[in-house]
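Here is how the chains run, residue by residue.
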Amino acid sequence: MAKEPILSAKDVEIQFSLRGRKLMAIRKCSLDLYEGETLAIVGESGCGKTTVGKALLNLLPVDGGKVIFQGKCIYDIDNHKMCSYKEMEQLRRHMQIIFQNPASCLNPKKNVEQLVSEGVKKHKICSKSEVREYCLNILKQCGLEEKCLLNYPSELSGGQKQRVGIARALALNPEFIVCDEITASLDVSVQA
């Protein structure tokens, strides 16, 4: 019996309006990703790599195509199907993104512990009494020390912010992660 892909995209399209003109950002993007695989989307700056990643996770409005994740239709534009907000919220536990620019995705009013534990608490990854220790272990895996827990994003270096973004995604132990140039903000010594 043939194995089903964990994620399947078919003919995904996104258009942006720019000064009254339509700009095709993604045209007929199709891919299948199987459990345990790594897929790289490679191209020059501005070619739509980030847009594809966000489209796969239903973070942008799409103009065409469909995406299926673990057998669940996230959207199928041609057949007017779309995951409800509640369904998408539950799927977020299983599909995460690590953004290219960590400064733009970290709430400046929350400290590192709050940022990393938010999803852990929401999706009940562990008991309330274990949340802090769980988050600390994830942070350590990402090269951050315990003293960072109480720091706010403005008190972190660019590399530390990126590691917090990585920790947030890994904390949910998702089956699928979009990594949008995640090593670009890291120090050369820790990029590996």
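Heads up: these notes are all about the structure in this document. Quantities reported herein were computed from a predicted structural model and do not represent experimental measurements.

**Here we look at the pattern of salt bridges**
Between side chains of opposite charge, pairing is possible as soon as their charged atoms come close. This model, assessed by the stated rule, comprises seven salt bridges. Residues Glu87 and Lys72 are paired through a salt bridge, measuring 2.8 Å at the closest nitrogen-oxygen approach. Placement of the pair is Glu87 in helix H2 (residues 85-91) and Lys72 in strand S4 (residues 72-76), with a sequence separation of 15 residues. For Glu87, a relative accessible area of 33% gives the class partly exposed.

**What to know about unusual backbone geometry**
Positive phi values are uncommon outside glycine, yet Asp11 reaches one of about 55°. Structurally, the position occupied by Asp11 is in strand S1 (residues 7-18). Residue Asp11 is classed as partly exposed on the basis of its relative accessible area of 27%. Of note, His80 is a non-glycine position whose phi angle comes to about 55°, a positive value. Assignment of secondary structure puts His80 in the loop between S4 and strand S5 (81-82). A relative accessible area of 74% means that His80 is categorised as exposed.

The rules behind the values
Residues numbered from 1 in each chain as written. Predicted model: local features only at pLDDT ≥ 70, side-chain atom pairs only at ≥ 80, totals over all residues. Heavy atoms only, no water. Salt bridge = Lys/Arg side-chain N within 4 Å of Asp/Glu carboxyl O. Helix = DSSP H or I, 4+ residues; strand = E, 2+ residues; numbered from the N terminus. Buried < 20%, exposed > 50% of the residue type's maximum accessible area, 1.4 Å probe, protein only.

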